[in-house]
Amino acid sequence: MKPLNRPKNPVTLALLLVTALLLPGIAAPAEAKSEKEKRQEARIEELSPKYQRWLREVEVLMSEEELEIFLELEKDYHRDAFIEEFWKIRDPYPNTARNEMRDDWEARLEFARTELGGIGDERAKILLLNGRPDARVVVNCPEFRPIEVWYYDEPERIIADELFLIFYRHWDGAPFRLWTPMEGLQRLSRTLSPATDHQNIRDLVMSCRQGDALGAALGFAFREGKMGYPMLLMRAQAPLEKPSGEWINSFTAYSTDLPEEAATFPAQLEVTFPGRRQTRTVVQAALKVPAEAVGRAELAGAKSANLLLNGEIVREEELFDRFRYKFDFPQERIRSENLPLVFQRYLRPGEYRLVLKLEDLNGDRYHRTERIIDVPSVQSDTSPASADPETAKILEEANRAISQAETSIELVEPVGRMQVGKVRFDALTTDPAVDRVEFRLDGTPVLTKTSPPYSVELDLGKLPRSQTLSAVAVDEDGESLARDEILLNASSHRFDVRILEPRPGARYSDSLRAEVSVEAPEDRSVERVELYLNEDLVATLYQPPWEQPIVLQDPGELAYVRAVAYLPDGNSSDDHVFINAPPGLENIDVQLVELYASVEDRNGRPVEGLTEEDFTVYEDEVRQEIRRFEKVDDLPFYATVLLDVSASMEEELEETQAAALSFFQEAITPRDRAALVTFNDRPRLAQKFTNELLSLGGGLAGLKAERGTALYDSIVFSLFYNNGIDGQRALLLLSDGEDESSKFTFDETLEFARRTGVTIYSIGLGLGRGGHRKELTRIAEETGGDSFFVDTASELVTIYQQIEDELRSQYLIAYQSSNTEGDDDFREVRLEVTEPGLEAETIRGYYP
């Protein structure tokens, strides 16, 4: 920990005091409580002390929407479930056994209770938001009000080497407040007035027994400046980034309560236990709904029945499980007098209460039922016992797959984001029926291991390239038992869905079991998974496990199962598998090449109003057929600002920060996302993708110009961070110097940029005719961007505005490549505009 020293400059403190005295504090008038706040307080008073205390403890974490929903809950087990979901959605590492966020928060609360006397003042707020300070000094001097100085060494939430904070209170026993220079030094003193001579103030501070700590804190505030220190304070008080309201919508949608005076319809519930999954019993519920009892929706001449099922499983007055399904029955698939609604949950043996609410989406009617179920311990080879022989026969095949799913294989990903060079991968399986494990890289066999340990060592090259590694467990007869695959060098933004069951090439007669694996982007949740049989939507799952029995329409016929996963913002990912297929049938993956293009005239002005006929696309000099054309205005984008903070940027840094902040303020709308990467001799993710301006501004606070420049490494780092994002992506690079220490060369960086598809806008600051002008120009042109060269940082605001205008006005042109060779070579793309004098800017090519 760094010592609490006086400011290095001997006049620093005096100048700060004069400045502060010229800025007397202004006390804001207390605002009257709104009717909404009064209603909230009244509802909080009705809660038990347990929930009142929890609301106080998480006040700075909770959004207004979350508070409103919590206060509307009526059952304690719903409140407990809300609290668990509240912490679960904030878990930074959901794959670990503990919730690090929750544990850390409870430790901070304990410190506030024991050391600060509770959580009722601004010290506690800073503590909860930033953690315990590295040093805490109590200033007790007769001339000053009660004061505490807090010191953070390299604070986590602020890009700064250190941070000093000053707390004060007007009298003994009053709550502590965070001091700001705008309040003036008289806020800290019992005797000072605005007219006090600054030398007397300096002597007063230094005569205090704890004056060193107070002087160091005041000196730090002055050194950071009138813009820097308030930004640091703003960042320290900024709310922790709250998860989106997606989980709230999901939580409230699962209610099992019926609307008042709701119309009802009959249904018959049957519960069976067809097998087990590891230590849990498979609970299979079948609701038989009379077909004539529900309404029909008609769309384009086709009719269908649509039913929404919400369920809860309660054990000892605690919510053990909650779930939601949607079932769709096209009229042509309704072949009996009852509609079978089948779902499965996995429970340990014991007694539970099952609560179901079924809604007819076309008839505004409901069915609700509650039943006590006694879940037995069931062996995996146990046959389902059903009172309905027809249902048992239909689901026999699907239930048989439950025991087959006991065989599994898991690829273990090595530690580290970028996977390059020689890397070892291990596959874990414990089933004695496994005879060998086959490893494949992008579908090509690379190794077969016939005995444990099942591992493979691959040379992945120098650049972090996305590749798919799969491991297949095979028995002695050559039958595939299980399969797992991972995407190497996948980013935290990856969104992927894979069908694990049914398996390609397998044959099914009456039913099958669908099992889907979904990988969602970081900090995002899956809203739903839709399951299709051919083009018919048969079931929608709103929570894991993503597994569902499916009754086949035409027993034994060629068909395909398709799974589509959705995020709450509408983005989707899908996969499909053919069943009962003849030998040799191959899946054809049809992908469109998308070009985001801007068009300029001879004077560099953007050109609007062009049509599809004005463009011609060539790939490797072969003309391509345009399949999609769209003029897109106000297109949402992901923008990464890559900012040089090496030592040579010291004079321009403050104006550079202001220009970047202006770009965030002017360009980033609620639909956009921006990230900030700073670099000197190494890159650093200062702020991950967000649309929160406070967070983006905080990422710019406390930057210092120091050390050398690793330009190419930082470009690769930033492009890698963009991996896995769909849509328009842009990298705004600002640098003023030569590359001094990168491991990657320019050619390697250019190749990687070609692979990622991110548009690069390069800005050279003060380069003159030297520097990296040629390289910055080329990497921008190759990726469909533009390059700019300015003498001073004062010109940056105009450059950023020009880049924003270009990102907001693009032509989207898509084509299906006529090249069917399936090679991995770089494919050159040329986009021409037929009208003379116009030039289109887009990527120069891509890797398939």
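Read on for a plain summary of the structure. Quantities reported herein were computed from a predicted structural model and do not represent experimental measurements.

Digging into the overall build of the protein chain
Counting its regular elements, the protein chain contains 18 helices and 41 strands. When each of the 848 residues of the protein chain is scored for burial, the buried share is 51%. Sequence separation of 24 or more characterises 69% of the internal contacts of the protein chain that already satisfy a separation of 6 or more. Here the protein chain displays about 41000 Å² of accessible surface, and carbon together with sulfur accounts for 46% of that area.

Concerning the packing of helix H6 (residues 100–115) against helix H7 (residues 122–130)
Packed helix pairs are characterised by how far apart their axes lie and by the angle those axes make with each other. Contact geometry for H6 and H7: axes closest at 9 Å, N-to-C directions at 155 degrees. Here H6 lies roughly antiparallel to H7, going by the angle between them. With respect to the hand of their crossing, H6 and H7 are arranged in right-handed fashion. For the pair H6 and H7, contact is made by Trp105, Arg108, Leu109, Phe111 and Ala112 and by Leu127, Leu128, Leu129 and Asn130, respectively. Its residues assigned to classes, the contact of H6 with H7 shows seven nonpolar, one polar and one charged.

Thoughts on the sheet that holds strand S31 (residues 626–633)
Here four strands make up an open sheet; going across it, the order is S31-S38-S28-S40 and the pairing antiparallel. Two strands in the sheet have a free side with no partner beyond their single neighbour: S31 and strand S40 (839–841). Averaged over all adjacent pairs, the angle separating strand axes in this sheet is 30 degrees, with direction ignored. Pairing between S31 and strand S38 (residues 809–815): seven bridges, direction antiparallel. Note on S38: the bridge partner recorded for Phe629 is Ile813. Helix-sheet contacts for helix H18 (residues 796–808) involve strand S28 (593–600), S31, S38 and S40, and the interaxial angle to S38 is about 40 degrees.

Comments concerning the pairing of strand S9 (residues 302–315)
For S9, a buried count of eleven out of 14 residues is recorded, marking the element as mostly surrounded by other parts of the structure. Bridge count for strand S8 (residues 297–299) against S9 is three bridges, and the pairing is antiparallel. Bridging across to S9, Ala297 finds its partner in Ser304. Bridge count for S9 against strand S10 (residues 318–330) is twelve bridges, and the pairing is antiparallel. Among the inter-strand pairings, Ser304 is bridged to a residue of S10, identified as Pro330. Here S9 folds back onto S10, and the loop between the two strands holds two residues, one of which, Glu316, carries a positive phi near 50 degrees. Pairing of S9 with strand S12 (residues 350–360) involves eight bridges; the strand directions are antiparallel. The residue of S12 that forms the bridge with Asn310 is Lys357.

What counts and how
Every chain is numbered independently, its residues counted from 1 as its sequence is written. Local features are withheld for residues below a pLDDT of 70 in this predicted model, meaning they are given only at 70 or higher, and side-chain atom pairs are given and counted only at 80 or more; totals for whole chains, interfaces and linings count all residues. Where side-chain values are given, they derive from all heavy atoms of the structure, hydrogens and water being excluded. Put simply, DSSP H or I for four residues or longer makes a helix, DSSP E for two residues or longer makes a strand, and each gets a number counted from the N terminus. For every residue, the accessible area obtained with a 1.4 Å probe (protein chains only) is divided by the maximum for its type, and the residue is called buried under 20%, exposed over 50%, and partly exposed between those limits. For this analysis, residues touch if any pair of their heavy atoms sits within 4.5 Å. Surface accessibility follows the Shrake-Rupley procedure with a 1.4 Å probe radius. Residue values consider only the protein chains on display as shielding. Lines fitted to the C-alpha atoms define the axes, with helices restricted to the stretch that makes contact. Angles between their N-to-C directions range from 0 to 180 degrees. Our angle categories are set so that under 35 degrees counts as roughly parallel, over 145 as roughly antiparallel, 65 to 115 as roughly perpendicular, and the remainder as oblique. Here a crossing is taken to be left-handed if its near helix is turned anticlockwise relative to the far helix by less than a right angle, and right-handed if that turn runs clockwise. Each residue is assigned to one class: nonpolar for Ala, Val, Leu, Ile, Met, Phe, Trp, Tyr, Cys and Pro, charged for Asp, Glu, Lys and Arg, and polar for all the others, Gly among them. Pairing between two strands requires that DSSP report at least two bridges joining them.

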